[in-house]
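Reading the structure
Next come the chains, spelled out residue by residue.
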Amino acid sequence: LIAIDNIFGSIIRGRLNTKVVSASISEIASKLTEATIKLWRKTSAKMLPTPAKFHYMFNMRELSRVFAGIFQAPKESIVDDLYLLMLWRHECERVFTDKLTNSEDKEWENTAIISTITECFGSEFVRRLHGPCHFVNFLGEPVLDTEGCVVNDRPKLYHQVLTVEDVRQRALDFQRLYNEETKGAKLEIVLFDYALEHLMRISRVINTDRGSIMLVGVGGSGKQSLTRLASFIAGNSTFQITVTKLYGVSNLFDDIKLLYKQAGIKGHAVTFLFTDAEVKDEGFLEFINQILCTGEVSNLFG
């Protein structure tokens, strides 16, 4: 655990030192590693894997995911110690709470986050950390140069969401733009609050380097549509295989080659969308696992 603090603690203390932020922010930043380790220990001890919850495995990668999310926020946006603590809470909810499958487990995890804040930072912060908190990186307006030309139409600035209506209006604007630019099927998503929460979760993962997410739910609930919208918001193209009656491993390899050439050689940002209906052979899952773990698929170009 000392090694973990040497890595993440050194990075965040160097990033948020007293030369660039206030002393109160720097003090909170110096305790984030300890708080994250405490929460990880609580979660891994309580949320044990079972046959119904086989994915309840919390390893050291969860710590890195929490700090990767914190590092997305520009230093200039962290205006005070409360903002930094809300950012940490948000990332812990995304990494730990979102992995849980039922409301009872989620409620326990959220309570554990609050109790960890009390232990490490004091109860006065708990009173100020009321209500839900969300962070997204697609609320920024397009950046223009001195001549009024668009330099960056999708500035990715990771900021706190002040009102859900801001996210809803921005998402509706992107959905309208998607429908104007896409020749295929149009998106007609009703963006109620729960759908917006899922959109923000998916968007966060897509904007993480080598991010991956498994969406579980009944068919027709909007998982693919929200993913396509989140991918478009991030400026990614969406890649999905087209399964036919004779589709096999060789066809999958051909599609993965196209995906790798687009992402690796051309350097384009791509979202690979893969559904359970496209698992024509159980062996497909092994290749998907190789993509997620190392990025190297055995005998792909052999």
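Everything that follows concerns the structure shown earlier in this document.
In what follows, the accompanying structure is described. Only a predicted model underlies this, so the values are computations on that prediction, with no experimental measurement involved. Residues take numbers from 1 onward in each chain, read along the sequence in its written order. Selection of residues for local features in this predicted model requires a pLDDT of at least 70, selection of side-chain atom pairs for listing and counting requires 80 or more, and totals for whole chains, interfaces and linings are taken over all residues. Side-chain metrics in this entry use all non-hydrogen atoms of the structure; hydrogen atoms and water are not considered.

**Considering helix α3 (residues 60-72)**
Note the cut-off: Runs of E in the DSSP output that reach at least two residues are strands. Runs of H or I that reach at least four are helices, and both are numbered from the N terminus. Expected helix span is given by 1.5 Å per residue-to-residue step, counting one fewer step than there are residues. Burial classes: relative accessible area under 20% of the type maximum marks a residue as buried, over 50% as exposed, and values in between as partly exposed (1.4 Å probe, protein chains only). The directions from the helix axis to the C-beta atoms form the arc being described. For this analysis, residues touch if any pair of their heavy atoms sits within 4.5 Å. Definition of a polar contact: a pair of N or O atoms within 3.5 Å, with one able to donate and the other able to accept a hydrogen when the atoms are protein atoms, and with sequence-neighbouring residues admitted only if both atoms are side-chain atoms.
In a regular helix each residue adds 1.5 Å, so 13 residues correspond to 18 Å; α3 covers 19 Å between its end C-alpha atoms and thus fits that length. For α3, the complete set of buried residues consists of Glu62, Leu63, Val66, Phe67, Gly69 and Ile70. Down the axis of α3, the sector holding all buried residues measures 155°, keeping them to one side. Those residues of α3 that are buried lie in contact with α1 (2-15), α2 (23-46), α4 (81-95) and α8 (193-206). The residue sitting at the N-terminus of α3 and contributing the capping side-chain oxygen is Asn59; that oxygen lies 3.0 Å from the backbone nitrogen of Arg61.

**Observations concerning the packing of aromatic side chains**
For any pair of aromatic rings, geometry is given as the distance between the ring centres together with the angle between the planes. Put simply, the rule is: For Phe, Tyr and Trp, where Trp contributes only its six-membered ring, two rings pair if their centres lie within 6.5 Å, and the inter-plane angle classes them as stacked under 30 degrees, edge-to-face over 60, or tilted in between. Working rule: Lys NZ or Arg CZ, within 6 Å of ring centre, within 35 degrees of ring normal, means a charge sits over the ring.
Counted according to the given criterion, the structure contains 14 aromatic pairs. Seen from their ring centres, Phe138 and Phe174 are 6.4 Å apart, and the 85° between their planes marks the pair as edge-to-face. A residue pair is termed long-range when its members are at least 10 positions apart, and Phe138 in the loop between β1 (135-136) and β2 (143-144) and Phe174 in helix α7 (residues 164-181) qualify at 36 residues. We note that Phe138, like Phe174, is buried. The rings of Phe138, Phe174, Tyr178 and Phe232 are connected pair by pair, giving a single aromatic cluster. Over the aromatic face of Phe58 sits the side chain of Lys99, whose NZ or CZ is 4.9 Å from the ring centroid.

**Structural notes on the side chain of Asn179**
Its place among the elements puts Asn179 in helix α7. When neighbours within four sequence positions are excluded, Asn179 is seen to be in contact with Lys186, Leu187 and Glu188.

**Quick notes on unusual backbone geometry**
Residues other than glycine seldom take positive phi values, yet Arg210 does so here, at roughly 55°. For Arg210, the location among the structural elements is in the loop between α8 and α9 (223-233). For Asn299, which is not glycine, the phi dihedral falls at a positive 60°.

**Quick word on the nonpolar core**
Note the following rule: For our purposes a nonpolar core is just a set of buried Ala, Val, Leu, Ile, Met, Phe, Trp, Tyr and Cys residues, chained together by side-chain atoms within 4.5 Å.
Counting 43 residues, the largest nonpolar core has Leu32, Ile70, Leu84, Trp88 and Phe121 as the members making the most contacts within it. If you tally residues by element for this core, the top one is α4, at nine residues. Once you skip the residues sitting within four places of it in the chain, Leu32 turns out to touch Ile12, Phe67, Ile70, Leu84, Leu85, Trp88 and Phe121. Val136, Ile189, Leu191 and Leu196 belong to the second-largest nonpolar core, a separate cluster that totals 21 residues.

**Digging into the side chain of Asn207**
Relative to the assigned elements, Asn207 resides in the loop between α8 and α9. Here Asn207 is in contact with Gln72, Asn137, Lys156 and Ala234, once residues within four sequence places are set aside.

**Quick look at the pattern of salt bridges**
We apply this condition: The term salt bridge refers to a pairing of a side-chain nitrogen on Lys or Arg with a carboxyl oxygen on Asp or Glu at a separation within 4 Å.
Inspection of every chain in the model, using the stated rule, returns 16 salt bridges. Two residues, Glu62 and Arg65, come together in a salt bridge whose shortest N-O distance is 2.7 Å. Here the residue Glu62 and the residue Arg65 both occupy positions in helix α3, the gap between them amounting to three residues, near one helical turn. On the accessibility criterion, Glu62 (3% relative accessible area) is buried. For Arg65, a relative accessible area of 39% translates into the label partly exposed. The partner of Asp98 in a salt bridge is Arg201, with the nearest N and O atoms 3.2 Å apart. Within this pair, whereas Asp98 is found in the loop between α4 and α5 (103-121), its partner Arg201 is found in helix α8, the two being separated by 103 residues in sequence. Given a relative accessible area of 18%, Arg201 falls into the buried group. Bridged by salt links that share partners, the residues Arg89, Glu93, Arg94, Asp98, Glu197 and Arg201 form one connected network.

**Section: the environment of Ile117**
Relative to the elements of secondary structure, Ile117 occurs in helix α5. Each C-alpha atom of the pair Ile117 and Thr36 lies 9.7 Å from the other, and the pair is 81 residues apart in sequence. Setting aside anything within four residues of it in sequence, one finds Ile117 in contact with Leu85, Trp88, Gly122, Phe125, Val126 and Leu129.

**Digging into α1**
Rules: At every residue, the bend is computed as the angle between two fitted axes, covering the seven residues ending there and the seven beginning there respectively.
If you check α1, its first and last C-alpha atoms are 19 Å apart, about what 14 residues at 1.5 Å a residue would give, namely 20 Å. Of all bends in α1, the biggest is about 30°, found at Gly9. Among the residues making up α1, those that are buried are Ile4, Phe8, Gly9 and Ile12. Residues of α1 that are buried sit in contact with α2 and α3.

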